[in-house]
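The lines below spell out each chain.
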Amino acid sequence: MLATLIGATRSGSVTVVDLTTPLQESTPILELPPPFANTSRFRLEELSRYDDRGPAWYWNDIHTGEHTGTHLDAPNHWVTGRDGLDVSQAPLSTLVAPAVVIDRSAEAADDADFLLQVEHVRDWEAEHGPLPDGGWLLYRTGWAARGNDAAAFANADERGPHTPGVAPECARWLARETPICGLGVETVGTDAGQASGFEPAFPCHSELMGAGKFGLTSLRDLDRLPPTGAVLVVCPLPIVGGSGSPARVLALVEG
Ligand code: 23J
Ligand code: MN
């Protein structure tokens with residue numbers, strides 16, 4: 001089986017797609033309004049570079065928030081999941097799992113505040129079959145195209161950020177009524193830019209984490225994935241007690 005997989009990646013009948021945003025100081029992070037605490041940008045601190053601090057070696061300390069760039073949200077990230085798993089406890093069956101893609105990039109291009117509804121997922125299921133048991137629902141909005149322009153990615157005005165997300169009822173339904181292990185998005189967080197004003201606030205976080213599910217954010221290149229059939233490989237750091245971690249996210253795709 002594994003020899004077949006390696007043969008397939010070598011011959012190109014299986015492609016490995018990198019869905020990860022590169023980590024650097026400019027990588028967009030969530031910016032919450034006062035009085036809330038904010039996470040740190042990713043930063044390298046040079047320790048030596050073939051110099052008197054270390055003549056034959058180059059290395060750095062890294063400084064980062066847990067929720068920087070492409071990252072995994074663990075159930076314990078939200079108060080609704082406070083007794084749930086930390087990021088080091090993410091099941092391996094979640095870290096290597098099937099993924100499906102729902103594409104609402106056309107709607108998000110017309111309306112930055114576009115919200116995914118239950119009906120949209122039902123329409124997707126009518127065309128492609130049921131959501132994968134224990135797998136990921138990846139929500140394509142086209143937002144990753146803004147990823148190298150912090151202002152366009154945040155898309156904020158005096159009322160805060162305007163980025164697409166999930167309607168509260170849909171978040172509740174995905175968390176409670178579907179067998180997915182988590183939701184992946186292109187935006188800085190799983191919730192819509194305006195979700196602080198939703199009822200409940202931040203419904204994706206509240207519902208998914210409350211149901212023991214996971215989030216994945218700042219994904220790129222979702223247009224390279226088919227609607228069904230991809231396998232996701234999610235590699236967060238096993239931070240003991242952590243609420244999330246930057247993650248390398250790869251997809252295996254046939255053809
Ligand atoms: C904390 C508070 C609100 C939000 C978030 C974190 C995230 O999006 C995140 O990265 O988990 S919306
Ligand atoms: Mn997060």
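Only a predicted model underlies this, so the values are computations on that prediction, with no experimental measurement involved.

1. A few points about the site of ligand 1
Residues in close proximity to ligand 1 include Leu30, Leu32, His67, His71, Asp73, His77, Trp78, Gly189, Phe202 and His205, which together make up its full environment. Here an oxygen atom of ligand 1 and a side-chain polar atom of histidine 67 are 3.3 Å apart. Contact between ligand 1 and histidine 77: an oxygen atom at 2.6 Å from a side-chain N or O atom of the residue. When ligand 1 sits alone it has 320 Å² of accessible area, and the protein chains cover 87% of it. Looking at side-chain class alone, the shell around ligand 1 contains four nonpolar, five polar and one charged residues.

2. Observations concerning the packing of aromatic side chains
According to the stated counting rule, one finds two aromatic pairs in the structure shown. For the ring pair tyrosine 50 and tyrosine 58, a centre distance of 6.1 Å and an interplane angle of 55° mean the geometry is tilted. On the accessibility criterion, tyrosine 58 (31% relative accessible area) is partly exposed. Aromatic pair tryptophan 78 and phenylalanine 202: ring centres 5.6 Å apart, planes at 70°, arrangement edge-to-face. Taken together, the residues tryptophan 78 in the loop between strand E4 (71–73) and helix H2 (92–95) and phenylalanine 202 in the loop between strand E11 (182–185) and helix H7 (203–210) connect sequence positions 124 residues apart. We classify tryptophan 78 as partly exposed; its relative accessible area is 21%. Across from the ring centre of tyrosine 58, 4.1 Å away, lies the NZ or CZ of arginine 49, which sits over that ring.

3. Focus on the pattern of salt bridges
Inspection of every chain in the model, using the stated rule, returns 10 salt bridges. Between arginine 53 and aspartate 51 there is a salt bridge; the shortest N-O distance is 2.9 Å. Take arginine 53: its relative accessible area is 44%, and that puts it in the partly exposed class. On the accessibility criterion, aspartate 51 (22% relative accessible area) is partly exposed. One salt bridge in this structure joins arginine 159 and aspartate 157, with 3.9 Å as the shortest N-O distance. We classify arginine 159 as exposed; its relative accessible area is 58%. In this structure aspartate 157 comes out as partly exposed when scored by relative accessible area, which is 32%. A network of salt bridges, in which partner residues are shared, links Glu46, Arg49, Asp51 and Arg53.

4. Remarks on unusual backbone geometry
Here proline 34 and proline 35 are connected by a cis peptide whose omega angle stands at 10°. As for its position among the elements, proline 35 is in the loop between strand E1 (14–18) and strand E2 (43–51). For the peptide bond that leads from glutamate 199 to proline 200, omega is 0°, which places it in the cis range. Within the secondary structure layout, proline 200 lies in the loop between E11 and H7. Notably, asparagine 155 is not glycine yet its phi reads approximately 50°, a positive angle. As for its placement among the helices and strands, asparagine 155 is situated in the loop between helix H5 (150–154) and strand E8 (156–157). In this structure, phenylalanine 202 is a non-glycine residue whose phi angle is positive, near 45°.

5. A closer look at the pairing of strand E7 (residues 136–140)
Burial within E7 is extensive, with four of its five residues counted as buried. With four bridges joining them, E7 and E11 adopt parallel strand pairing. Within E11, the residue paired with tyrosine 139 across the bridge is valine 185.

What counts and how
Residues numbered from 1 in each chain as written. Chains lettered and ligands numbered in written order. Predicted model: local features only at pLDDT ≥ 70, side-chain atom pairs only at ≥ 80, totals over all residues. Heavy atoms only, no water. Near = heavy atom within 4 Å. Polar contact = N/O pair within 3.5 Å; in protein donor to acceptor, adjacent residues only side chain to side chain. Areas by Shrake-Rupley, 256 points an atom, 1.4 Å probe, with all protein chains shown as cover. Nonpolar A, V, L, I, M, F, W, Y, C, P; charged D, E, K, R; others polar. Phe/Tyr/Trp six-rings, centres within 6.5 Å; stacked < 30°, edge-to-face > 60°. Buried < 20%, exposed > 50% of the residue type's maximum accessible area, 1.4 Å probe, protein only. Helix = DSSP H or I, 4+ residues; strand = E, 2+ residues; numbered from the N terminus. Lys NZ or Arg CZ within 6 Å of the ring centre and 35° of its normal. Salt bridge = Lys/Arg side-chain N within 4 Å of Asp/Glu carboxyl O. Pairing = 2+ DSSP bridges.

Honestly, it's all geometry; don't read function into it.
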